[in-house]
Amino acid sequence: MIEVDTHVGEDAADIRPRGRLTMVVTPQLRTLINETVQAGRARIVVDLAGCEFVDSSGLGALIAGLKTARQAGGDLRIAGVGPQIATVLRLTNLDRVLRPHDTVAGALGAG
Amino acid sequence: MLEALWGEYDDVTPSDRILFETAVIEIAGNIAQHAAAGVPLQFTLNLWVEPDRVEAEFRDHGRRVDIDLDVVALPDDSAESGRGLAMARAAVDEFHYRRDGSTNQWRIVRRRQR
C-alpha cells in the first residue's frame, strides 16, 4: 500500500510506501511519483519509515522518480530508512545519490 | 518463510539475515522476470541454516539464463534496472548458477558472522 500526503507544501509531496517495496508494488510507486510531479509537486520525499524491505526494482523506481522530479525542477529525497534499506543503498553505492535523511522535514529542508 | 526460519534459528545476526534475504529475493525476482518471461513458473527453494553458514538453492524449469556471473556488475547510478544480480552477489560469499539439463539451479551461501 502506498499513501501520498500532499499537504507538506504547495510544490512538495510526501509519499509513504508501506510493507515491502518489491516488484509487485514498484509499478504503482513509479506511477504515483509521475502523477505527483505532473500535478506540480516536484519536491518529493519518499518516507520509508513504514517500509521494511526494498529490492532492486524498488531502488529502480526511486531512481526513476529522482530523474522525473529533477527534470521538473524538483528533487526526490528519502527519509526514515531502516537497516535493510540502508544495506541495499550501500551495496549498490546509491547512498551517494539517494542520501538518507532522518525525517521528512529534514529531507525537505536539506539543501 | 524466511521469518519462520529466523524464528527457529534466532542466533543468526540481523546483518546476516538482511544480506541473505536480500540475495534470496533478488534471485527469486530474477527467476520470475527472466526464466519465466511472462508465463507462470514454479520454482523450488531449499534453505539451510548451518552453524557456519546460511545457504539457499533454487531450481526451476524456465529458460536458460545467459549470464556470465564473473562479469555481473552494477549499472550506472542513473539506471532504473539491472542491479538485482549484482546486489545478490555482493550480499553473499558464494554465488553459483548452472544449467543442468532443463533445470536452472542457483545456489548462494553466506558465511555467518560470529
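Every chain is numbered on its own, with residues counted from 1 as its sequence reads. Lettering for chains starts from A, numbering for ligands starts from 1, and both go in the order in which the items are written. Residue-level local features of this predicted model are given only where pLDDT is at least 70; pairs of side-chain atoms are given and counted only at 80 or more, and the full residue set underlies all totals for whole chains, interfaces and linings.

(A) Representation of the overall build of chain B. Across its full length, chain B holds three helices and four strands. When the elements of chain B are put in sequence order from the N terminus, they spell out α-α-β-β-α-β-β. For a compact globule the rule gives 2.2 Å times the number of residues to the power 0.38, and the radius of gyration it is set against comes from C-alpha atoms. A globule of 114 residues ought to have a C-alpha radius of gyration of about 13 Å, and chain B, at 14 Å, matches this closely. Exposure criterion: with C-beta atoms placed from backbone coordinates, a residue whose C-beta has 20 or more other C-beta atoms within 10 Å is buried, one with 12 or fewer is exposed, and one in between is partly exposed. Per-residue burial over chain B gives 26% buried out of 114 residues. Under the scheme used here, helices are H or I runs from DSSP no shorter than 4 residues and strands are E runs no shorter than 2 residues, and both carry numbers assigned from the N terminus.

(B) Structural detail: the nonpolar core. If you look at the biggest cluster of nonpolar residues, it comprises 52 residues, and the most contacted ones within it are A:Ile44, A:Leu62, B:Ala23 and B:Ile27. With eight residues, helix 2 (residues 14-35) of chain B is the largest single contributor of residues to this core. If near-sequence neighbours (up to four positions away) are discounted, B:Ile27 is found in contact with B:Phe58, B:Ala88, B:Trp106 and B:Ile108. In these notes, a nonpolar core means any group of buried Ala, Val, Leu, Ile, Met, Phe, Trp, Tyr and Cys residues linked to one another through C-beta atoms within 7 Å. Throughout, a residue-residue contact means that the two C-beta atoms, derived from backbone geometry, are no farther apart than 7 Å.

(C) Region of interest: the interface of chain B and chain A. Taken together, the 18 residues of chain B in the interface contact 19 residues of chain A. When residues of the side of chain B that touches chain A are traced back to their parent elements, those giving at least two are helix 2 and helix 3 (84-91) of chain B. Here the element with the most residues in the side of chain B that touches chain A is helix 2 of chain B; it accounts for seven residues. As a working rule, the residues Ala, Val, Leu, Ile, Met, Phe, Trp, Tyr, Cys and Pro are called nonpolar, Asp, Glu, Lys and Arg charged, and the rest polar, with Gly in that last group. When its residues are assigned to classes, the side of chain B that touches chain A shows nine nonpolar, five polar and four charged.

(D) Helix 2 of chain B, seen in detail. Its 22 residues place the ends of helix 2 of chain B 31 Å apart at the C-alpha level, agreeing with the 32 Å of an ideal helix rising 1.5 Å per residue. B:Ala37 occupies a position one or two residues after helix 2 of chain B and carries a positive phi of about 50°. Helix span, expected: 1.5 Å multiplied by one less than the number of residues in the helix.

(E) Structural context of the pairing of strand 1 (residues 43-49) of chain B. Residue and element names in this part refer to chain B. Only when DSSP finds a minimum of two bridges between them are two strands counted as paired. The pairing of strand 1 with strand 2 (residues 53-60) spans seven bridges and is antiparallel. By the bridge assignment for strand 2, Thr 44 is matched with Arg 59. Hairpin connection between strand 1 and strand 2: a loop of three residues separates the two successive antiparallel strands.

(F) Structural view of the environment of B:Arg99. Residue and element names in this part refer to chain B. The residue Arg 99 is located in strand 3 (residues 94-100) in this model. Taking the C-alpha atoms as reference, Arg 99 lies 24 Å from Leu 74; in sequence the two are 25 residues apart. In contact with Arg 99, not counting residues within four places along its chain, are Arg 64 and Asn 104.

(G) Fine view of helix 3 of chain B. Across the eight residues that make up helix 3 of chain B, a large majority, seven, are buried. If you follow the buried residues of helix 3 of chain B, they end up packed against helix 2 (56-71) and helix 3 (83-91) of chain A together with helix 2, strand 3 and strand 4 (103-111) of chain B.

(H) Expanded view of the pairing of strand 6 (residues 75-79) of chain A. All names here are of chain A. Here strand 6 lies mainly inside the structure; four of its five residues are buried. Strand direction decides the pairing type here: strand 4 (residues 43-47) and strand 6, joined by five bridges, are parallel. Residue pairing for strand 6: Val 46 is matched across the bridge by Ile 78. As judged from the two bridges shared by strand 6 and strand 7 (residues 100-101), these two strands associate in the parallel manner. Residue pairing across strands places Ala 79 opposite His 101, the latter belonging to strand 7.

By themselves, these figures tell us nothing about what the structure is for.
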